[in-house]
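Listed here are the chains, written in short residue letters.
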Amino acid sequence: MTRAAGMADFDAYLRTIAAFTDDELIPAEAEMVAAGQVPDAIVRRMAELGLFGISIPPAYGGLGWTMEQQVLLTLEFTRASCVYRSRFSTVIGLCSQAILDHGTEDQRREMLPEMAAGRQVTSFALTEPEAGSDATNVQTVARRTGDGWVLDGSKRYITNAHWADTLLVFARTDGAESPEVSAFIVDRTAPGVSTRIPDLMNGHAEGPVAEIDLKSVVVAEDRLLGGVPGTGLAAAMRGINHARLHVAATCVGQATRMLEEATRHVSERHQFGAPLADLGVVQAELGRCYSEMEAGRALALDAARAFDAGSVPRQRISAAKLYCSEMVGRVADRCVQLLGGEGIVGPHPVPRMWRDVRTLRIYEGASAIHERNLGRAMIRSVAADGVLPDSYRVR
């Protein structure tokens, strides 16, 4: 689906995605859990509805919604399992944004329309055994040959890698001791590329991450992102900042669903002759959860509007990701507690979501890294300008 196909009105599209979430995604969760993967029919429907193209400009076949609109959409479709989102998250965020800002025009024309249509799933292959929070410590190496490059190394914890069509691989391009990192567009089925998924996932079991091995993988010169070595980390951060804001919105969407489920439970569950919802302590728990969720919603939307204003508010995005991912963990824990035995035994969706949202405090930068980076940014900004970073202060 593209805007030319008749979805120019965002409000109408948002209602379509809200209905898709209620009528198709949430009802299919049990089938997904039983199958251990997102059903192919659901993936096809997501593609038909244009979800793979929400962040890709119409010039490249996408819907081109603003960041604020993308956040509003995320708040809707992540009321369902966040595993659904993971199937297209690397397309709409990490990979498409890196290609948009740092790819050549030929690379954009070749890849983005296929990605927007859901025909080319891309995976963002940055993390390694020795390069997690410290992304500069990439050890995968790309050696120049007469007409291209040869890649050797390994990656881990890579979303969608096991079923992606294309990998965006980050590698050192002038020796393992150099900080220079470049990005390469690699066919997942190319000779020398192998992927494997773990035996056990603690959350996101239906959308497992994967490990990648790269052994003497030959890559043509035109597969170097942007055609210029050494721009890999800048491209990575462009995608990561976009993805972090989507993760923040995902946390709010997940909290919304869990609170609705928990509120329904305490309203229907009777103890001591009355609904649990009549207890003041239960009402207080719900009220605290709601206020924290709404604070997260406001923070995510505010960062999105700042993004749309023409700059990437890195610190505000980091704060949104940090707060929202910690918030949804607290909400999830309280909702499990309110469910009592049903929060531990049986197929209720809240305990499954409780496990899933735990990963969001680690994805796109662990909480401790965001705390440290924000603290450092504050110290630098106040020393240089006398104000906090991304400040609202009138100067």
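That block above? That's the structure.
**Here we look at the overall build of the protein**
Regarding its fold elements, the protein presents 11 helices and nine strands. In summary, the protein has a C-alpha radius of gyration of 22 Å against a globular reference of 21 Å for 395 residues, a match within 12%. Seen through its C-alpha atoms, the protein measures out along the principal axes to roughly 80 × 55 × 45 Å. Residues counted as buried form 53% of the 395 residues belonging to the protein. Only carbon and sulfur atoms are counted for the fraction: they give 53% of the accessible area of the protein, which is about 16800 Å². Separation between the mean location of the 41 positive side-chain charges and that of the 49 negative ones in the protein comes to 4 Å.

**Observations regarding helix α6 (residues 105–116)**
The first and last C-alpha atoms of α6 sit 16 Å apart over 12 residues, in line with the 16 Å expected at 1.5 Å per residue. Gln107, Arg108, Met111, Leu112, Met115 and Ala116 are the residues of α6 that are buried. Axial view of α6: buried residues confined to an arc of 125°, hence all on one face. In this structure, the buried side of α6 is in contact with α5 (82–102), β1 (122–125), β4 (166–172) and β5 (181–187). Immediately downstream of α6, the backbone of Gly118 shows phi near 80°, a positive value.

**Some words on the pairing of β5**
With respect to burial, β5 is a largely interior element, six of its seven residues being buried. Bridge count between β4 and β5: seven bridges; the pairing is antiparallel. From the neighbouring strand, Val169 faces β5, where its bridge partner is Phe184.

**Observations regarding a nonpolar patch on the surface**
Together, Ile344, Val345 and Trp354 make up a nonpolar patch on the protein surface, roughly 320 Å² of accessible area in all. In this fold, Trp354 is placed in helix α10 (residues 349–358).

**Some words on a positive patch on the surface**
A surface patch of positive charge is lined by Arg314, Arg372, Arg376 and Arg380. Here Arg372 is to be found in helix α11 (residues 367–385).

**Describing the environment of Trp354**
For Trp354, a relative accessible area of 33% corresponds to the partly exposed category. Linking Trp354 and Val209, residues 145 residues apart in sequence, is a C-alpha distance of 18 Å. If we skip the residues at most four places from it in the chain, Trp354 touches Met258, Ala332, Asp333 and Val336.

**A closer look at the environment of Trp149**
With respect to the helices, strands and loops of the structure, Trp149 is situated in strand β3 (residues 148–158). Along the primary structure Trp149 and Cys251 are separated by 102 residues, whereas in three dimensions their C-alpha atoms are 39 Å apart. When near neighbours in sequence (up to four residues on either side) are disregarded, Trp149 contacts Ala142, Arg143, Arg144, Thr173, Phe184, Val217, Val218, Val219, Ala220, Glu221, Leu224 and Pro229. A polar side-chain atom of Trp149 sits 3.3 Å from a polar atom in the side chain of Glu221.

**A short note on α5**
Helix length check: α5 (21 residues) gives 28 Å between terminal C-alpha atoms against 30 Å at 1.5 Å per residue, within 8%. Of all the bends in α5, the greatest, near 55°, is centred on Phe88. Of all 21 residues making up α5, 19 are buried, and the element is well covered by its neighbours. Its side-chain oxygen placed 3.1 Å from the backbone nitrogen of Val83, Ser81 serves as the N-cap of α5.

**A few points about the pattern of salt bridges**
As enumerated under the stated definition, the model contains 25 salt bridges in all. A salt bridge links Glu29 to Arg257, with the nearest nitrogen and oxygen atoms 2.9 Å apart. Remark: Arg257 occurs in helix α7 (residues 232–268) and Glu29 occurs in helix α2 (residues 29–35); sequence separation between them is 228 residues. With respect to burial, Glu29 and Arg257 carry one shared label: buried. With a closest N to O distance of 2.8 Å, Asp152 and Arg143 form a salt bridge. A relative accessible area of 43% places Arg143 in the partly exposed class. Sharing partners across several salt bridges, the network here consists of Glu29, Arg257, Glu261, Arg264 and Arg352.

**Some details on the packing of α7 against α10**
The geometry of α7 relative to α10 is characterised by a closest axis approach of 10 Å and an angle of 155° between their N-to-C directions. When the axis of α7 is compared with that of α10, the two are roughly antiparallel. For the pair α7 and α10, the crossing hand works out as left-handed. In contact with Gln254, Arg257, Met258 and Glu261 of α7, α10 contributes Pro349, Val350, Met353, Trp354 and Val357. A breakdown of the residues in the contact of α7 with α10 according to their chemical character gives six nonpolar, one polar and two charged.

**Topic: the side chain of Asp213**
Summarising the element assignment, Asp213 is placed in strand β7 (residues 210–220). Asp213 sits in the buried class, given a relative accessible area of 17%. Reaching out from Asp213, the side chain makes a polar contact with the side chain of Arg196 at a distance of 2.6 Å. Excluding anything up to four places from it in sequence, Asp213 contacts Gly153, Ser154, Gly192, Val193, Ser194 and Arg196.

**Considerations on the packing of aromatic side chains**
Two aromatic rings, taken as a pair, are described by how far apart their centres are and by the angle between their planes. Counted according to the given criterion, the structure contains six aromatic pairs. A ring pair is formed by Phe77 and Phe88, whose centres lie 5.2 Å apart and whose planes are at 70°; its orientation type is edge-to-face. Taken together, the residues Phe77 in helix α4 (residues 67–77) and Phe88 in helix α5 connect sequence positions 11 residues apart. In terms of burial, Phe77 and Phe88 fall into one category: buried.

Analysis parameters
- Residue positions are given per chain, counting from 1 as you read along its sequence in written order.
- Restriction of local features to residues with pLDDT of at least 70 applies here, the model being predicted, together with a cutoff of 80 or more for giving and counting side-chain atom pairs; totals for whole chains, interfaces and linings are based on all residues.
- Side-chain calculation: all heavy atoms of the structure are included, whereas hydrogens and water are not.
- Here a strand is any run of E in DSSP of at least two residues, a helix any run of H or I of at least four, and the numbering for each starts at the N terminus.
- In this treatment the radius of gyration is a C-alpha quantity, and the globule benchmark scales as 2.2 Å times the residue count to the 0.38 power.
- When a residue's accessible area, from a 1.4 Å probe over protein chains only, is under 20% of the maximum for its type it is buried; when over 50% it is exposed; and in between it is partly exposed.
- Accessible surface area values rest on a Shrake-Rupley calculation with a 1.4 Å probe, where residue burial reflects the displayed protein chains alone.
- We treat Lys and Arg as the positive residues and Asp and Glu as the negative residues; His and chain ends play no part in the count.
- Charge placement uses NZ in Lys and CZ in Arg. For Asp and Glu, CG and CD serve respectively.
- By definition here, a helix of n residues has an expected span of 1.5 Å times n minus one.
- Here the arc refers to the set of directions running from the helix axis out to each C-beta atom.
- What makes two residues a contact is simply this: any of their non-hydrogen atoms within 4.5 Å.
- When DSSP finds two or more bridges between a pair of strands, those strands are recorded as paired.
- Nonpolar side chains (Val, Leu, Ile, Met, Phe, Trp, Tyr) within 5 Å and like charges within 9 Å form the patches, drawn only from residues with over 30% relative accessible area and no salt bridge.
- Each reported salt bridge corresponds to a side-chain nitrogen of Lys or Arg within 4 Å of a carboxyl oxygen of Asp or Glu.
- Here a polar contact is taken to be a pair of N or O atoms separated by no more than 3.5 Å, where protein atoms must pair a possible hydrogen donor with a possible acceptor and residues adjacent in sequence count only if both atoms sit in side chains.
- Given a residue, its bend is the angle between the two axes fitted to the seven residues that end at it and to the seven that start from it.
- To obtain an axis, a line is fitted to C-alpha atoms, over the contacting stretch when the element is a helix, and the angle between two such axes runs from 0 to 180 degrees between their N-to-C directions.
- Angular relationships are summarised with four words: roughly parallel below 35 degrees, roughly antiparallel beyond 145, roughly perpendicular across 65 to 115, and oblique for the angles in between.
- For any pair of crossing helices, the crossing counts as left-handed if the nearer helix is rotated counterclockwise from the farther one by less than a right angle, and right-handed if it is rotated clockwise.
- Residues were grouped as follows: Ala, Val, Leu, Ile, Met, Phe, Trp, Tyr, Cys and Pro as nonpolar; Asp, Glu, Lys and Arg as charged; and all remaining residues, including Gly, as polar.
- Two aromatic rings, drawn from Phe, Tyr or Trp (for Trp, its six-membered ring), form a pair once their centres lie within 6.5 Å of each other, and the interplanar angle then sorts them: stacked below 30 degrees, edge-to-face above 60, tilted otherwise.

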